[in-house]
Amino acid sequence: MDLVAWAYSVAEDRLADSLPRRWAHVQGVAARVGVAQRLFVGQDQELLTAAALLHDVGYAPDLASTGFHPLDGARYLEQQGFPERLCALVAHHSCARREAELRGLSAELASWEDEQSAVRDALWWADMTTSPDGETTTVDDRLREIHKRYGPEDVVTVFIKQAEPELKAAVEKTEERLREFGHGQVAK
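Residues numbered from 1 in each chain as written. Predicted model: local features only at pLDDT ≥ 70, side-chain atom pairs only at ≥ 80, totals over all residues. Heavy atoms only, no water.

## A few points about the overall build of the protein chain
Selection criterion: By definition, any uninterrupted DSSP run of H or I lasting at least four residues is a helix, any uninterrupted run of E lasting at least two residues is a strand, and each is numbered from the N terminus. Think of it in three bands: residues with accessible area under 20% of the maximum for their type are buried, residues over 50% are exposed, and the middle band is partly exposed, with areas taken using a 1.4 Å probe on protein chains only. Pairs of residues are marked as contacts when any of their non-hydrogen atoms sit within 4.5 Å. Areas reported as accessible are Shrake-Rupley estimates using a 1.4 Å probe. Residue values count occlusion only from the protein chains shown. Asp and Glu count as negative and Lys and Arg as positive, but His and the ends of the chain are not part of the count. Charged side chains are reduced to one point each, which is NZ for Lys, CZ for Arg, CG for Asp and CD for Glu.
Each helix and strand in the protein chain was counted, giving 10 helices and 0 strands. Out of the 188 residues in the protein chain, the part that is buried amounts to 49%. Counted over contacts in the protein chain with a minimum sequence separation of 6, partners at least 24 positions apart contribute 67%. By element, 47% of the accessible surface of the protein chain is carried by carbon and sulfur atoms, the whole surface being about 8,500 Å². Put simply, the protein chain has 21 plus and 32 minus side-chain charges, and the middle of one group is 5 Å from the middle of the other.

Written as structure tokens, this is what we have:
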């Protein structure tokens, strides 16, 4: 089975029934990376799509050991034999290091390197421009939705406020790359 098919199968198995809204988001993120795939070749295309499908697998109730989904997901994927780079993309998606700091999990997250590449930026872009229901949105609307959903005191809201400049930078870099590639309008 190829990497993308394997990723789809695992994500669907872990999220579709137990967390259908999360599964809708994951499918939307995968659709978004379909737009950005043309920026990459070969293995990078495959890894980006697989990471989009698996980025939230750590939310699956039976995988949530720390309650920090990027870490729980990366650990699970590593145990299943997924490539190290894919595990790292999942572990560090959407500026996870900021939330790890707040949760006291930085050392655990450091097991995987944040590659700080165009592939990583495209994953963050897709996640930050996809609503919880899988629809395309703007990064500003997505950030507002996260604040509203979690409330002002939640660790996720605190983290997202701290991470906002980095998240927006990844979105802007990816959208600039898409414009340079000739894609035109990329945000909602």
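Picking up after the structure, the text goes on.
## Observations concerning the packing of aromatic side chains
To describe a pair of aromatic rings, you give the distance between the ring centres and the angle between the ring planes. To be explicit about the condition: Pairs were defined over the aromatic rings of Phe, Tyr and Trp, the Trp ring being its six-membered one, requiring ring centres within 6.5 Å. Orientation was assigned from the angle between planes: stacked under 30 degrees, edge-to-face over 60, tilted for the rest.
Per the counting criterion, the structure on display carries 2 aromatic pairs. For the pair Trp 6 and Phe 82, a centre-to-centre distance of 3.7 Å together with 15° between the ring planes defines the contact as stacked. Here the residue Trp 6 occupies a position in helix α1 (residues 3-15), and Phe 82 occupies one in the loop between α4 (69-79) and α5 (84-91), the gap between them amounting to 76 residues. Residue class for Phe 82 comes out buried when judged on its relative accessible area of 5%.

## Remarks on the nonpolar core
Here is the rule: By convention a nonpolar core is built from buried Ala, Val, Leu, Ile, Met, Phe, Trp, Tyr and Cys residues, the set being connected through side-chain atoms within 4.5 Å.
Counting residues in each nonpolar core, the largest one holds 59 residues, and the members touching the most others are Leu 48, Leu 54, Leu 77, Phe 82, Leu 86 and Leu 167. No other element matches helix α10 (residues 155-181), which puts 8 residues into this core. Non-local contacts of Leu 86, meaning those with residues more than four positions away in its chain, are made with Leu 3, Leu 47, Ala 50, Ala 51 and Leu 54.

## Observations regarding the side chain of Arg 22
Heads up, the condition is: We define a polar contact as two N or O atoms separated by no more than 3.5 Å, with the added condition that, inside protein, one atom must be a possible hydrogen donor and the other a possible acceptor, whereas residues neighbouring each other in sequence contribute only through side-chain atom pairs.
Along the polypeptide, Arg 22 turns up in helix α2 (residues 20-36). Judged by relative accessible area, which is 18%, Arg 22 ranks as buried. Separated by 3.0 Å, the side chains of Arg 22 and Asp 56 make a polar contact. Excluding its chain neighbours within four sequence positions, the residues that come into contact with Arg 22 are Leu 15, Asp 56, Tyr 59, Arg 149 and Tyr 150.

## A few points about the environment of Glu 101
Within the secondary structure layout, Glu 101 lies in helix α6 (residues 96-103). Judged by its relative accessible area of 43%, Glu 101 is partly exposed. For the pair Glu 101 and Phe 159, spaced 58 residues apart in sequence, the C-alpha to C-alpha distance is 8.9 Å.

## Side note on α4
Taking burial as the measure, the 11 residues of α4 include 8 buried ones, the bulk of the element. By the burial criterion, the buried members of α4 are His 69, Pro 70, Leu 71, Asp 72, Gly 73, Ala 74, Tyr 76 and Leu 77. Phi for Gly 81, located one or two positions after α4, is positive at around 90°.

## Side note on the pattern of salt bridges
A side chain with one charge may pair with a side chain of the opposite charge, provided their charged atoms come close. Cut-off, in case you're wondering: Salt bridge criterion: a side-chain nitrogen from Lys or Arg within 4 Å of a carboxyl oxygen from Asp or Glu.
All chains considered together, the criterion is met by 20 salt bridges. Residues Arg 98 and Glu 166 are paired through a salt bridge, measuring 2.7 Å at the closest nitrogen-oxygen approach. In this pair, Arg 98 is assigned in helix α6 and Glu 166 in helix α10, connecting sequence segments 68 residues apart. Accessibility expressed as a relative area gives 23% for Glu 166, which makes it partly exposed. Ionic contacts of the salt-bridge type, sharing partners, join the residues Asp 114, Arg 120, Asp 121, Lys 173 and Arg 177 into one network.

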